[in-house]
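Next come the chains, spelled out residue by residue.
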2 protein chains.
Amino acid sequence: MRNIKLTIQYKGTNYCGWQIQNRVKKTSSRNEKTIQGEIERVLKKVLKEKVKLIGACRTDSGVHALSQVANFKTKSNLHIDNIHRALNSLLPKDIAIKSIKEEKEDFHSRFDAKGKIYQYKILNLSTKDVFENDYAWRIIFDLNRKKIEQAARHIIGRHNFSSFSSAGSKRKNVICDIKRIDIRKKRDIYIVEVEGDRFLYRMVRNIVGTLVEIGRGRFTPRDIKRVLSKRDRRFAGPCAPASGLILQRVMYN
Amino acid sequence: MRNIKLTIQYKGTNYCGWQIQNRVKKTSSRNEKTIQGEIERVLKKVLKEKVKLIGACRTDSGVHALSQVANFKTKSNLHIDNIHRALNSLLPKDIAIKSIKEEKEDFHSRFDAKGKIYQYKILNLSTKDVFENDYAWRIIFDLNRKKIEQAARHIIGRHNFSSFSSAGSKRKNVICDIKRIDIRKKRDIYIVEVEGDRFLYRMVRNIVGTLVEIGRGRFTPRDIKRVLSKRDRRFAGPCAPASGLILQRVMYN
């Protein structure tokens, strides 16, 4: 069996996230397409066999990826470049395979990941902006950059992140090691870049929601330490919208 | 009568350009919404009267605007800030009014314009890119930046631009004064920025199409002088796709 690794870029706006939904059928007008589902569908056409795609991260509905990683096993002997070309021509325009590579047999995109980098984009602007609509959270109140930076520093390190994990998570291990948080600002745009060994469900969005509360003066920068120590989601700020989040990179050894 | 000036931002992907189409009714599945049409429809709701919106440029289907300018006359005595807020909340998410201003009675967004700046984005990349899809022309061949820059220099100045004007134009005056063309490159992205007093129909896209032919080695940089002197559209390169073009600014005294 060949083990093939894909590096995938996608615009998440029109998808129900990465993972195929195993829900009971229901009457719903909602578009239930997923990134994993679309790629598996196309892989089946190209390889003439059904394969299971394993993704490094289960991004939520509306979240984007600059560089998601996934792998699948196949008996097909199609040349790797032909698989690459066929996937990109058959996939919808908002999903792209940026690179493809043969991996050793035991490579596992999720278990082998050593860390991840996410970026969250905030547009601090009072008027509507058509180009950042799908890619940023627009905040109309003035944000205090210094306070956001001060607060972010308290997040760095190895902590119990229960306070920043949304309900719906089944993870027992709630300890994560946040290596860095960078806050960059260019004109009206803030970029919050977070690197960690692992992340809990909606953790980045809950952290950003809390940083914004601090930036607009509702919490103080030191409050974030208190929130962390409570180990209870109810003490943190709101969950920032999905559109601002992008999975930037998955790291391996 | 009040004369009100709007500065408008839009993503042109889902519109048939700026101008309301005065076509004979026909059975068509194509979306025939226009930017002008959408704004006039919303203005009628807000002002309780039908107004005629005059735009500075008639951008084509799929072309974007960072800053289009338009004006309309109204008898309404609604406060300008209320008109602004109402427009932005009622307009679709891909059209935004960035600013609104009372102008003197004889201001005319098209006749008073002293110049325009357009940007064209080229993505020089062999693989698909989901984020630049609607905003750039993807060229998979290696482009020679130096040759493009050399060729662009020959465009600057006051010339007869017939060779770069697509059929469908009714303009008799084919003389334009191009003040500058800047070619910027950042990673895989080229930005061609053109400033001129006026532009003929599809002129920027025809110039960019020709520059790309030169960049990939089909024409030489000096050929662009020959093309200009022919005053015949058939001698220039192909028309670059609409998606890469954005109206950056309209200038007034």
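That block above? That's the structure.
Just so it is clear, the structure is predicted and the values come from calculations on it, not from any experiment.

Caption draft 1: Broad picture of the overall build of chain A. Per the secondary structure count, chain A includes 5 helices and 10 strands. The C-alpha radius of gyration computed for chain A amounts to 19 Å, which stays within 12% of the reference 18 Å derived for 253 residues, consistent with globular compactness. Here the C-alpha coordinates of chain A stretch approximately 60 × 40 × 40 Å along the principal axes. Burial status across chain A gives 56% buried among its 253 residues. For chain A, long-range pairs separated by at least 24 residues make up 70% of all intrachain contacts whose partners lie at least 6 apart in sequence. Considering chain A, the positive charge centre built from 55 side chains and the negative charge centre built from 26 side chains are found 3 Å apart.

Caption draft 2: Structural context of helix α5 (residues 223-230) of chain A. Residues and elements named next belong to chain A. Residues of α5 that are buried: Asp223, Ile224, Val227 and Leu228. The arc that holds every buried residue of α5, seen down its axis, measures 145°, which confines them to one face. Buried residues along α5 sit against α3 (145-155), β7 (157-160) and α4 (203-215). Where α5 terminates, the next one or two residues include arginine 231, which has phi positive at roughly 50°.

Caption draft 3: Quick look at the relation of the copies chain B and chain A. At an RMSD of 0.0 Å, chain B and chain A line up after a rotation of 180° and a shift of 0.0 Å along the axis. Here the two chains are linked by the operation of a two-fold rotation axis. Considering only C-alpha atoms, the part of chain B nearest the rotation axis is phenylalanine 131 of chain B, at 5.5 Å. A share of 100% of the interface residues of chain B reappears at the interface of chain A, consistent with the copies meeting face to face through the same patch.

Caption draft 4: Main features of the packing of helix α1 (residues 35-47) of chain A against helix α2 (residues 80-90) of chain A. Residue and element names in this part refer to chain A. At their nearest, the axes of α1 and α2 sit 10 Å apart, and the two run at 130° to each other. As summarised for this structure, α1 and α2 are arranged oblique, according to the angle between their axes. Handedness of the crossing formed by α1 with α2: right-handed. Note on element contacts: α2 touches α1 through Ile83, Ala86, Leu87 and Leu90, opposite Val42, Leu43, Lys45, Val46 and Leu47. Grouping the amino acids of the contact of α1 with α2 by side-chain chemistry returns 8 nonpolar, no polar and 1 charged.

Caption draft 5: Focus on the nonpolar core. Grouped together as the largest cluster of nonpolar side chains are 68 residues, with contacts concentrated most on Leu6, Ile39, Phe161 and Phe164 of chain B. With 7 residues, the top contributor of residues to this core is helix α4 (residues 203-215) of chain B. Apart from residues no more than four positions distant in its own chain, leucine 6 of chain B is found in contact with Ile39, Leu53, Gln68, Val69, Ala70, Phe72, Leu87, Ile97, Ser99 and Ile100 of chain B. Val46, Ile95, Tyr118 and Phe164 of chain A belong to the second-largest nonpolar core, a separate cluster that totals 67 residues.

Caption draft 6: Representation of the interface of chain B and chain A in the model. The partner chain A presents 26 residues to the 26 residues of chain B that form the contact. Of the roughly 1800 Å² buried between chain B and chain A, counting both surfaces, carbon and sulfur atoms make up 51%. Where chain B touches chain A, the interface holds 4 salt bridges. A salt bridge links lysine 93 of chain B to aspartate 134 of chain A; the shortest N-O distance between them is 3.0 Å. The tally of links from chain B across to chain A stands at 20 residue pairs in polar contact (both at pLDDT 80 or more). Of all the elements in the fold, those that place two or more residues in the side of chain B that touches chain A are β1 (2-10), β3 (64-74), α2 (80-90) and β4 (95-103) of chain B.

Caption draft 7: Up close: the packing of aromatic side chains. Under the criterion given, the structure shown has 12 aromatic pairs over all chains. Ring plane angle 75° and centroid distance 5.8 Å describe the contact between phenylalanine 131 of chain A and tyrosine 135 of chain B, whose orientation is recorded as edge-to-face. On the criterion of chain membership, the pair formed by phenylalanine 131 of chain A in the loop between β5 (115-124) and β6 (137-139) and tyrosine 135 of chain B in the loop between β5 (115-124) and β6 (137-139) is interchain, its members lying in two chains. Residue tyrosine 135 of chain B is classed as buried on the basis of its relative accessible area, which comes to 17%. Geometry around phenylalanine 235 of chain A places lysine 230 of chain A over its ring, the cationic atom sitting 5.1 Å from the centre. Positioned over the ring face of phenylalanine 141 of chain B is arginine 216 of chain B, at 3.5 Å from the centre of the ring.

Definitions and cut-offs
Residues numbered from 1 in each chain as written. Chains lettered and ligands numbered in written order. Predicted model: local features only at pLDDT ≥ 70, side-chain atom pairs only at ≥ 80, totals over all residues. Heavy atoms only, no water. Helix = DSSP H or I, 4+ residues; strand = E, 2+ residues; numbered from the N terminus. Rg over C-alpha atoms; globule rule 2.2 N^0.38 Å. Buried < 20%, exposed > 50% of the residue type's maximum accessible area, 1.4 Å probe, protein only. Contact = heavy atoms within 4.5 Å. Lys, Arg positive; Asp, Glu negative; His and termini not counted. Charge placed at Lys NZ, Arg CZ, Asp CG, Glu CD. Arc of directions from axis to C-beta. Least-squares fit on C-alpha atoms with pLDDT ≥ 70 in both. Axes fitted to C-alpha atoms, helices over the stretch in contact; angles between N-to-C directions. Parallel < 35°, antiparallel > 145°, perpendicular 65-115°, else oblique. Left-handed = near helix turned anticlockwise from the far one by under 90°. Nonpolar A, V, L, I, M, F, W, Y, C, P; charged D, E, K, R; others polar. Core = buried A, V, L, I, M, F, W, Y, C linked by side-chain atoms within 4.5 Å. Buried area = accessible area lost by both parts, 1.4 Å probe. Salt bridge = Lys/Arg side-chain N within 4 Å of Asp/Glu carboxyl O. Polar contact = N/O pair within 3.5 Å; in protein donor to acceptor, adjacent residues only side chain to side chain. Phe/Tyr/Trp six-rings, centres within 6.5 Å; stacked < 30°, edge-to-face > 60°. Lys NZ or Arg CZ within 6 Å of the ring centre and 35° of its normal.

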